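# A structural walkthrough
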Amino acid sequence: MSEHVTVIESVKLDDANDAIILLDQTQLPNKKEFLHLKTVDDVWDAIYQLKVRGAPAIGIAAAYGIYIVTKNSKATSFDAFYQEFKTAKEKLASSRPTAVNLFWALDRMEARLQNEQTGTITEIKNALREEADLIKKEDQKVCEAIGYHALEVLEPGWGILTHCNAGTIATAKYGTALAPIYLGQERGYDFKVYADETRPLLQGARLTAWELNEAGVDVTLICDNMASIVMSQDKVQAVLVGCDRVAANGDAANKIGTSGVAILAKHYGIPFYVCAPMSTIDLNTETGSDIEIELRSEEEIKTKWYSEPMAPADIKTYNPAFDVTDHSLITGIITEKGIVSPSYKENLTKIFE
Ligand SMILES: CSC[C@H]1O[C@H](OP(=O)(O)O)[C@H](O)[C@@H]1O
């Protein structure tokens, strides 16, 4: 895609200063602040606190993170260096459980390390840097490809509803669900985007509405409970969402509330697409019921964003960060290799051949 649409990158390497630079997504939309992180604890905290978020961006941050924290290792043998690497990997892998890209990226970095074990420690460190760069570069190309494939099923002037944020800041660049919006913007498709605010952390209001507005896209912010009425009023012709893990049967884990949007789309006869890089498809997880769903704190529901608590202090809460959309509700999974139709297990396996 050309650069004429303003597209923001959320994860960068500052090799000269042994740091990774992350756009702090918890400060958006009011402040655009960048973090310079050097330690595994700081990277872990940035992932857990959603300072960096979105499955691909989490994977890229973890890849650069493990490079940065092992870059200054004083180890003189492969075994000693590998031990330090495994300690850092274990720590980063404990930050969030649902987005498979975190584990996919860390496993890929470990595989590169193992492939380089006959080299010097310096050669190994350079290889890790190269692999992290590749993960980021490939993700940008993947997002562009998802954008192109998505336009095969979208028409100019359509209303597009999206949930949470699967935009440029959730990936290397361009996003997954928002990639076709950016590409459409370049081609004059004049999409009208309806962004669910996405309680409780408001990724839709704070991030999707912000990044699309910055890019000059026609975006309307709605509360999560308004998705049905905009669909009933024929304002929406397609739903595009991202995902954190697609199981082998095509069930997809995504931000909490996504499955409800899918059920509404089915009811109104509106196509519902999950935009999924192959790095988010997990053939080792049989079905959606096997996907671990992250539970988060009650503060995100009861006190965050409010000047004073909006619920009794002793009230119980339940705060799953994701839910699973059954594959029967998904019109197609849009990957960098094309759109996967139902009976996913065979189709999903096929795209890896
Ligand atoms: C392009 S993946 C975006 C995906 O990740 C989000 O989760 P979180 O904000 O908790 O990292 C959400 O599920 C998005 O669809």
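Calculation rules
Residues numbered from 1 in each chain as written. Predicted model: local features only at pLDDT ≥ 70, side-chain atom pairs only at ≥ 80, totals over all residues. Heavy atoms only, no water. UniProt positions renumbered as here; feature names shortened; annotations may be inferred. Helix = DSSP H or I, 4+ residues; strand = E, 2+ residues; numbered from the N terminus. Salt bridge = Lys/Arg side-chain N within 4 Å of Asp/Glu carboxyl O. Buried < 20%, exposed > 50% of the residue type's maximum accessible area, 1.4 Å probe, protein only. Axes fitted to C-alpha atoms, helices over the stretch in contact; angles between N-to-C directions. Parallel < 35°, antiparallel > 145°, perpendicular 65-115°, else oblique. Left-handed = near helix turned anticlockwise from the far one by under 90°. Contact = heavy atoms within 4.5 Å. Nonpolar A, V, L, I, M, F, W, Y, C, P; charged D, E, K, R; others polar. 1 Å grid on protein atoms, 1.4 Å probe; cavity = no way out; pocket = protein on both sides within 12 Å on 5 of 7 lines; lining within 4 Å. Points joined across faces, edges and corners; volume = space filled by probe spheres on them. Near = heavy atom within 4 Å. Polar contact = N/O pair within 3.5 Å; in protein donor to acceptor, adjacent residues only side chain to side chain. Areas by Shrake-Rupley, 256 points an atom, 1.4 Å probe, with all protein chains shown as cover. Sits in = over half its atoms within 2 Å of the grid points. Domains from an automatic or database assignment. Pairing = 2+ DSSP bridges.

Looking at an unreviewed UniProt entry, one finds the chain named Methylthioribose-1-phosphate isomerase, with Gracilibacillus salitolerans as its source organism. Looking at the chain in UniProt, the text filed under Pathway (unreviewed entry) is "Amino-acid biosynthesis; L-methionine biosynthesis via salvage pathway; L-methionine from S-methyl-5-thio-alpha-D-ribose 1-phosphate: step 1/6."

With that settled, consider unusual backbone geometry. Going from Leu28 to Pro29, the amide bond is cis rather than trans, its omega being 10°. Checked against the element boundaries, Pro29 lands in the loop between strand E2 (19-23) and strand E3 (34-37). Look at the link from Arg199 to Pro200: it is a cis peptide, with omega at 0°. Among the structural elements, Pro200 can be located in the loop between strand E5 (192-196) and helix H7 (203-214). Even without glycine at this site, Asp18 takes up a positive phi of about 50°. In this structure, Asp18 sits in the loop between strand E1 (11-14) and E2. Phi is positive for Asp190, close to 55°, though the residue is something other than glycine. Considering the arrangement of structural elements, one finds Asp190 in the loop between helix H6 (179-186) and E5.

Further remarks concern the pattern of salt bridges. The full count for this structure, using the stated rule, is 21 salt bridges. Linking Asp15 and Lys71 is a salt bridge whose minimum nitrogen-to-oxygen distance equals 2.8 Å. Of the two residues, Asp15 sits in the loop between E1 and E2 while Lys71 sits in helix H2 (residues 55-71), which places them 56 residues apart along the sequence. Classification of Lys71 by relative accessible area gives buried; the value is 18%. When the shortest N-O distance is used, the salt bridge between Glu130 and Arg112 registers 2.3 Å.

Running from amino to carboxyl end, H2 crosses helix H5 (residues 121-151) at an angle of 165°, the nearest separation of the two axes being 9 Å. Classed by the angle they form, the pair H2 and H5 counts as roughly antiparallel. The chirality of how H2 crosses H5 is left-handed. Along its contact with H2, which presents Pro56, Ile60, Ala63, Tyr64, Tyr67, Thr70 and Lys71, the element H5 presents Lys125, Leu128, Arg129, Ala132, Asp133, Ile135, Lys136 and Asp139. Here the contact of H2 with H5 is composed, by residue class, of 8 nonpolar, 1 polar and 6 charged.

Let's shift gears to empty space enclosed by the protein. Per the counting criterion, the structure on display carries 2 cavities of 30 Å³ or more. Of the volumes computed, that of the largest cavity is approximately 190 Å³. Only H2 and strand E9 (252-255) provide two or more residues apiece to the lining of the largest cavity. For the lining of the largest cavity, the class distribution of residues is 10 nonpolar, 9 polar and 4 charged.

Attention shifts here to the site of the ligand. As a matter of local geometry, the ligand sits amid 19 residues, with Arg53, Arg96, Asp244, Asn254 and Lys255 nearest to it. Residue Gln203 places a side-chain N or O atom 3.0 Å away from an oxygen atom belonging to the ligand. Lys255 places a side-chain nitrogen or oxygen 2.7 Å from an oxygen atom of the ligand. Here the ligand has 400 Å² of accessible area as a free molecule, and 100% of this is covered by the chains. According to the grid-proximity analysis, the pocket containing the ligand is the largest cavity. Where the shell around the ligand is concerned, the elements lending two or more residues are H2 and E9. Grouping the amino acids of the shell around the ligand by side-chain chemistry returns 8 nonpolar, 7 polar and 4 charged.

It is worth spelling out the layout of surface pockets at this point. The volume enclosed by the largest pocket comes to roughly 340 Å³. Lining the largest pocket are 23 residues, with Trp104, Met278, Ser279, Ile281 and Phe352 positioned closest to its centre. Of all the secondary structure elements, the ones that give two or more residues to the lining of the largest pocket are H2, helix H4 (100-115), H5 and strand E11 (281-282). Per-element accounting of the lining of the largest pocket gives the leading share, 7 residues, to H4. Of the residues that constitute the lining of the largest pocket, the class distribution is 13 nonpolar, 4 polar and 6 charged. There are two domains that each give the lining of the largest pocket at least three residues, and those are domain 1 (11-143) and domain 2 (147-350). Every residue lining the second largest pocket is listed: Thr26, Gln27, Tyr48, Gln49, Leu50, Leu201, Arg206, Arg296, Ser297, Glu300, Lys304 and Trp305. Split by residue class, the lining of the second largest pocket holds 4 nonpolar, 4 polar and 4 charged. Residue contributions to the lining of the second largest pocket reach at least three from each of two domains, namely domain 1 (11-143) and domain 2 (147-350).

A few words now on the sheet that holds strand E8 (residues 245-247). Strand order in the open sheet formed by 4 strands is E11-E8-E9-E12, and the pairing between neighbours is mixed. Each edge of the open sheet is held by one strand with a lone partner, namely E11 and strand E12 (322-325).

Turning to the UniProt feature "binding site: substrate" (unreviewed entry) in the chain, a few remarks are in order. The sites that carry the UniProt feature "binding site: substrate" (unreviewed entry) are, in the present numbering, Arg53, Gly54, Ala55, Arg96, Gln203, Asn254 and Lys255. Of the residues annotated just before, the largest cavity has Arg53, Gly54, Ala55, Arg96, Gln203, Asn254 and Lys255 among its lining. Residue Arg53 is classed as buried on the basis of its relative accessible area of 4%. For Arg53, the side chain forms a polar contact with the side chain of Gln25, separated by 2.8 Å. Take Lys255: it is sitting in strand E9. What makes Lys255 buried here is its relative accessible area of 7%. For Lys255, the residues in contact, after removing those within four places along its chain, are Arg96, His163, Cys164, Thr198, Gln203, Asp244, Ala321, Phe322 and Asp323.

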